[in-house]
Amino acid sequence: MERTIKPEDFAAIADTAMVLDVRRLEDRAASNETVPFAIWKDPTQIEQWIEAIPRKHEVVIYCVRGGGVSNSVVDRLQAEGVQARFIEGGIEGLKAAGGKVEAK
């Protein structure tokens, strides 16, 4: 499975995919924006929530800029059989591409 999804392609699946915000607690707290319908999951606590993520449903994750956090979380999810990808450039890349975000 691919590891990433381009920000401009995200809108086509945003309504059907499970969207997870995996920004670090301090990064999420510092932002007043989120992707619509995203569920925040603390990336440092992945062992506590990974079993609850569906294996047969597409999952899209994002962090701030699509770097280390997204890479490590997508690696872990895919290793457990989750159909997971992350948004290239994170929430910042999504905004730069005109993607929809909302106040949290």
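In what follows, the accompanying structure is described. Please read these numbers as outputs of a predicted model, since none were measured by experiment.

## Some details on the pattern of salt bridges
- Inspection of every chain in the model, using the stated rule, returns 11 salt bridges.
- With its nearest N and O atoms 2.8 Å apart, the salt bridge here joins Glu-47 to Arg-76. Separated by 29 residues along the polypeptide, Glu-47 in helix α3 (residues 46–49) and Arg-76 in helix α4 (residues 68–79) bring together distant segments of the chain.
- With relative accessibility at 48%, the residue Glu-47 sits in the partly exposed group.
- Classification of Arg-76 by relative accessible area gives partly exposed; the value is 23%.
- When salt bridges that share partners are traced, they join Glu-47, Glu-51, Arg-55, Arg-76 and Glu-80 into one network.

## Considerations on the pairing of strand β6 (residues 84–87)
- Alignment of strand β1 (residues 4–5) against β6, held across 2 bridges, turns out to be parallel. Paired with Ile-5 across the strands is Ile-87, a residue of β6.
- Taken together, the 3 bridges between strand β5 (residues 59–62) and β6 define a ladder with parallel strand orientation. Bridge assignment links Val-59 to a residue of β6, and that residue is Ala-84.

Analysis parameters
For every chain, the first residue of the written sequence is number 1, and numbering continues from 1 onward in sequence order. Given that this is a predicted model, residues contribute local features only at a pLDDT of at least 70 and side-chain atom pairs are listed and counted only at 80 or more, while totals for whole chains, interfaces and linings are drawn from all residues. The side-chain numbers reported here are obtained from all heavy atoms of the structure, hydrogens and water having been left aside. The term salt bridge refers to a pairing of a side-chain nitrogen on Lys or Arg with a carboxyl oxygen on Asp or Glu at a separation within 4 Å. Each helix corresponds to a stretch of at least 4 residues labelled H or I by DSSP, and each strand to a stretch of at least 2 residues labelled E; elements are numbered beginning at the N terminus. With a 1.4 Å probe rolled over the protein chains alone, any residue whose accessible area is under 20% of its type maximum counts as buried; one over 50% counts as exposed, and the rest are partly exposed. The pairing criterion is simple: DSSP has to find at least two bridges between the two strands.

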